[in-house]
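# Summary of structural features
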2 protein chains.
Amino acid sequence: MLRRSFSRAAVALNGTTINPNVKAAKYAVRGAVLDRSMELQRKMAAGEKLPFDKIVPCNIGNPHACLQVPLSFHREVLSLCISPTLATDHPHAFKKDVVERAKHYAAGLTGGVGAYTNSQGIPAVREEIAEFIAERDGHPARADRIYLTNGASEGVRILLTCLLRSGKQDGLLTPIPQYPLYSASLTLLGGALVPYHLNEGASWGVEMENLRNTLAAARAEGTEVRGIAVINPGNPTGNILAEEQIKDIIQMAVDEKMVVLADEVYQANIWKKGASFTSFKKVACDMGYMGEDGDERLQLVSFHSTSKGYFGECGLRGGYMEVHGIGAEVRAELYKLSSLSLCSNTIGQLATGIMINPPKPGDPSFETFEKERDDILSSLERRSIMVHKALNELEGITCNEADGALYAFPRIRLSNKAKLAAEAQGVPADEYYCLKILDESGIVLVPGSGFGQEEGTLHFRTTFLPAEETMHETLKMMTKAHKKFMDEHRD
Amino acid sequence: MLRRSFSRAAVALNGTTINPNVKAAKYAVRGAVLDRSMELQRKMAAGEKLPFDKIVPCNIGNPHACLQVPLSFHREVLSLCISPTLATDHPHAFKKDVVERAKHYAAGLTGGVGAYTNSQGIPAVREEIAEFIAERDGHPARADRIYLTNGASEGVRILLTCLLRSGKQDGLLTPIPQYPLYSASLTLLGGALVPYHLNEGASWGVEMENLRNTLAAARAEGTEVRGIAVINPGNPTGNILAEEQIKDIIQMAVDEKMVVLADEVYQANIWKKGASFTSFKKVACDMGYMGEDGDERLQLVSFHSTSKGYFGECGLRGGYMEVHGIGAEVRAELYKLSSLSLCSNTIGQLATGIMINPPKPGDPSFETFEKERDDILSSLERRSIMVHKALNELEGITCNEADGALYAFPRIRLSNKAKLAAEAQGVPADEYYCLKILDESGIVLVPGSGFGQEEGTLHFRTTFLPAEETMHETLKMMTKAHKKFMDEHRD
């Protein structure tokens, strides 16, 4: 009786009955091109002969997978935190500052790395982060405004969960192109992505007039625009925002009562000569928005991660968000959301602390650290230049120089023949191009459509992370595959 | 013009404008009593004299925080995975099986622990888990049905995100009492908690007739009940479901087209003499629901974690979910949701592998492992007995014996005077009791209302994790505080 009186699908959870927001969410960094690369990998493993002898993963900023070497000090401290007896059993195996740092963390960690921490993160690490921010910006920072997270992604998820109200048409101004975490999270949470286009012709800068018009249009259509996401240095664009632009964005957020989400995970990857990283928090404080208790004029949340920089510890899933101008009531809710998953992983938390507080001149580990860091950064810079130069030499491709981050986001002009071939296969033209390049070269790119691009333009994103000694070869493969594609698709 | 034409709050994100689902979600394990304990901790640190000399955290199953010692083999392997050179630099520092295991993982991890892994988890670890499940259950298990997660909580979140459709009145049958992750996640995702009461009088067992009536009533009211959560061994109740009960629940899920969420994180904590853990997956397969491709009659998702058992590695945030009878389309969506946060943390992933694949008889590390494991388990068992005995001796308290898990969930009868005093302070009576006990003894309990309890009954949850050598003292403090409370609140 009961069963018949209630209509429901034959299966509780299938492609039809799944939460439609889940189905609608797109995350291109791990999409069709990557799937195809895994298929090719299996074919190679099965002995099939392909036009290349290895897959080159340029789809994701995953430096260690491209054999970037981890920093010694950082890893040694983590080892000691996991196995504290190593230091007593092997007294000469570790430098003094390694042992001291591990002891410092142990003192603040009842039960060591195996215990849940405060849901907001280990207090000693939050203190370290606050000192780092204060020194970086020349303005005070507070440990109780910092939330440690499993990578920056978790912080973005938590913050957007607070910001976007289900059933309301709440929106977030999001740069186009953008890192698809934002578009996917918005779809998942039922929020609206309000796209503001970066200007490719002006080094992917933000145009304030365009931003204001976009906001006005969205509001006129009934979207309650509650925040603005900014990625600086940019992903996928690699641009660095000028301080003046940051100032304008902050003033607009104040005037328009929007929360600023400042994704600053590439802050240690700056390539532009003479440029340095300026945080949104610093500019905000310079402007007098100090975010003191009761001062919620500017509401700013900044994200950082262990996955990028010269550190590149993606797998450890460390990161933090700093909230500024966010009142106690909301901070308590952020804490509650963090406690739902109890705490972020302790190794990632400690890695975050070590990342922003590396050995200092005079410390026993400093020289090694300095050499390791400089080797990584200078090699990244050389590779960035190599990739941008090689891409700009290809027919139909133009690519802005990267100021920072780990990517190039070149524009590509495809022939009508190529576009029609893509259409015939039912895939976007940029994806068609990336699939063809993959089949020919083993290089995994991400189609620009995954990040968003100006109507009528086509792009792809590539990292410049393949090891330096293989980079010439990789670029040769890319050039050859591209030439073949162009030749095969002439109108 | 624009600004005035659009009505909005003075601040983008505050207690009024925050997502109301966030505000409504409750997570009692870290609620008012814990807040008060942190306040007392600060007072003690500031030199204030209190009736006790330390806070005893019985609010959360956090064994290492109660000084449970980590397992040597497990930690050593993790150290080597983080710093592979330790083994070559100090060839006599590690046993052969430790080095071999670390090498085994390294072989499957391009770039080591610093690289993002496959979003579903490291294939080598998923293979290990599949072997563990197959051996445990005597039925096949597949690595591609396993998703590694940051603790079990993340798996539950991902699964519920797929199951609950926003805007629909989708519900989940949830045991009462329950672990508040379920209630909080349901509130957050806009789903309905459909409570089915466990029978305290029958060792917290599931009553099928009650379950069926609950389902019928919820459906009659328009709730689309899409799944049933089961916690076995129980949290907070400590009961183990009889195999017959598991069978009935599975059959009901098949008949009623509901997904079973089997929270089995306490599977290695069994205290009842002669009892052993039986997984939902095993019973399902015994019943013929093999979950092969295309067989979606039974849809089952099981969760496991590194945080419990004799392992207790809460801080590492390791865990997995195994899906059974879930089709390819939904599995692809689970993969996509996992990729949104790229992957779970690598150390937690490896810890999960080591947990379910510990040293075997004959391995160099076996004897040490066996001793460490048995010491922990036998001490937990002794402490479980001590706590239950002591609680049952207290006036007004009755407590079912725990079959498993890490908790006691005693019922307490409070006087009218106590209830009125609680009402006067505007707090639930069980919370009032827990706050009074805390103030007197330093022991942090969790009020039963945080887990849900039968109307008109009051409970609290306590772990039995304080170190064995301090347990007598803790129970003495508890007894004293309870007596004082009862004396002060006689009608």
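Being a predicted model, the structure only gives us computed values, none of them experimental.

### Quick word on the sheet that holds strand β13 (residues 446-447) of chain B
Residue and element names in this part refer to chain B.
- What the 3 strands build is an open sheet, ordered β10-β14-β13; its pairing is antiparallel. Every other strand in the sheet has two partners, leaving β10 (407-408) and β13 as the edge strands with one partner each.
- The pairing of β10 with strand β14 (residues 460-463) spans 2 bridges and is antiparallel. The residue of β14 that forms the bridge with A408 is T462.

### Topic: the relation of the copies chain A and chain B
- In the superposition of chain A on chain B (RMSD 0.0 Å, axial shift 0.0 Å), the rotation amounts to 180°. In short, the pair behaves as if placed about a two-fold rotation axis. Closest approach to the rotation axis within chain A is made by the C-alpha atom of S79 of chain A, at a distance of 2.4 Å.

### A word on the pattern of salt bridges
- Applying the stated criterion to the full structure yields 61 salt bridges over all chains.
- The salt bridge partner of K273 of chain A is E381 of chain A, with a shortest N-O separation of 3.0 Å. Of this pair, K273 of chain A sits in the loop between β6 (259-263) and α12 (280-286) while E381 of chain A sits in helix α15 (residues 366-392), placing them 108 residues apart in sequence.
- Take E381 of chain A: its relative accessible area is 23%, and that puts it in the partly exposed class.
- As a salt-bridge pair, D170 of chain B and R165 of chain B come within 2.7 Å of each other at their nearest N and O atoms.
- Note on D170 of chain B: relative accessible area 1%, which makes it buried.
- Classification of R165 of chain B by relative accessible area gives buried; the value is 9%.

### Details of unusual backbone geometry
Residues and elements named next belong to chain A.
- Following I176, the chain continues into P177 via a peptide bond in cis, with omega recorded as 0°.
- Looking at where P177 falls in the secondary structure, it is placed in the loop between β3 (170-176) and α9 (181-188).
- P233 follows N232 through a cis peptide bond whose omega is -10°.
- Within the fold, P233 resides in the loop between β5 (224-231) and α11 (243-256).
- Positioned with a positive phi, S203 is a non-glycine residue whose angle comes to about 55°.

### A few points about the pairing of strand β4 (residues 192-197) of chain B
Residues and elements named next belong to chain B.
- Pairing between strand β3 (residues 170-176) and β4: 6 bridges, direction parallel. Note on β4: the bridge partner recorded for G171 is A192.
- Crossover handedness for the path β3 to helix α9 (residues 181-189) to β4: right-handed.

### Concerning the sheet that holds strand β13 (residues 446-447) of chain A
- Strand order in the open sheet formed by 3 strands is β10-β14-β13 (chain A), and the pairing between neighbours is antiparallel. Of all the strands in the sheet, the pair left with one neighbour each is β10 (407-408) and β13 of chain A.

### Some details on helix α11 (residues 243-256) of chain B
Residues and elements named next belong to chain B.
- The end-to-end C-alpha separation of α11 is 20 Å, in line with the 20 Å expected for 14 residues at 1.5 Å each.
- Among all positions in α11, only Q245, I246, I249, I250, M252, A253, V254 and E256 are buried.
- Looking one or two residues past α11, K257 carries a phi angle of roughly 55°, positive in sign.

### What to know about the domain arrangement of chain A
Residues and elements named next belong to chain A.
- The domain architecture assigned to chain A consists of domain 1 (31-60 + 370-488), domain 2 (70-114) and domain 3 (116-356).
- Averaged C-alpha coordinates put domain 1 and domain 3 at centres separated by 29 Å.
- Taking both partners together, domain 1 and domain 3 bury about 2,200 Å²; carbon and sulfur atoms supply 55% of that area.
- Sorting the residues of domain 1 by area buried against domain 3 places N400, D403 and F451 first, and these three jointly supply 29% of that buried surface.
- For the interface between domain 1 and domain 3, the tally reads 1 salt bridge.
- Run the count over domain 1 and domain 3 and you get 13 residue pairs in polar contact (both at pLDDT 80 or more).
- When residues of the side of domain 1 that touches domain 3 are assigned to their parent elements, the largest contribution, 6 residues, is made by α15.

### Quick notes on the interface of chain A and chain B
- Each partner contributes to the interface: chain A provides 99 residues, whereas chain B provides 98 residues.
- Both sides together, the interface formed by chain A and chain B hides about 8,300 Å², and carbon and sulfur atoms give 60% of it.
- Three residues, L13, Y116 and L340 of chain A, lead the burial of chain A against chain B; their summed loss comes to 9% of the area buried on that side.
- The interface formed by chain A and chain B includes 2 salt bridges.
- For the salt bridge of K23 of chain B with E329 of chain A, the shortest nitrogen-to-oxygen distance reads 3.7 Å.
- Looking at the side of chain A that touches chain B element by element, the count peaks at 8 residues for helix α13 (residues 328-340) of chain A.

### A short note on the packing of aromatic side chains
- Within the structure shown, the criterion is met by 20 aromatic pairs over all chains.
- Aromatic side chains Y432 of chain A and F485 of chain A sit 5.9 Å apart centroid to centroid with 65° between the ring planes, which places their arrangement in the edge-to-face category. Of the two residues, Y432 of chain A sits in helix α17 (residues 429-441) while F485 of chain A sits in helix α18 (residues 468-488), which places them 53 residues apart along the sequence. Both residues of the pair, Y432 of chain A and F485 of chain A, belong to the buried class.
- Ring pairing ties together the aromatic residues Y432, Y433, F460 and F485 of chain A, which thus form one cluster.
- Sitting over the face of the ring of Y407 of chain B, R461 of chain B holds its NZ or CZ atom 3.9 Å from the ring centroid.

Here is what the cut-offs are and how they apply
Residues numbered from 1 in each chain as written. Chains lettered and ligands numbered in written order. Predicted model: local features only at pLDDT ≥ 70, side-chain atom pairs only at ≥ 80, totals over all residues. Heavy atoms only, no water. Pairing = 2+ DSSP bridges. Helix = DSSP H or I, 4+ residues; strand = E, 2+ residues; numbered from the N terminus. Least-squares fit on C-alpha atoms with pLDDT ≥ 70 in both. Salt bridge = Lys/Arg side-chain N within 4 Å of Asp/Glu carboxyl O. Buried < 20%, exposed > 50% of the residue type's maximum accessible area, 1.4 Å probe, protein only. Right-handed = clockwise from strand over helix to strand, strands pointing away. Expected span 1.5 Å × (residues − 1). Domains from an automatic or database assignment. Buried area = accessible area lost by both parts, 1.4 Å probe. Polar contact = N/O pair within 3.5 Å; in protein donor to acceptor, adjacent residues only side chain to side chain. Contact = heavy atoms within 4.5 Å. Phe/Tyr/Trp six-rings, centres within 6.5 Å; stacked < 30°, edge-to-face > 60°. Lys NZ or Arg CZ within 6 Å of the ring centre and 35° of its normal.

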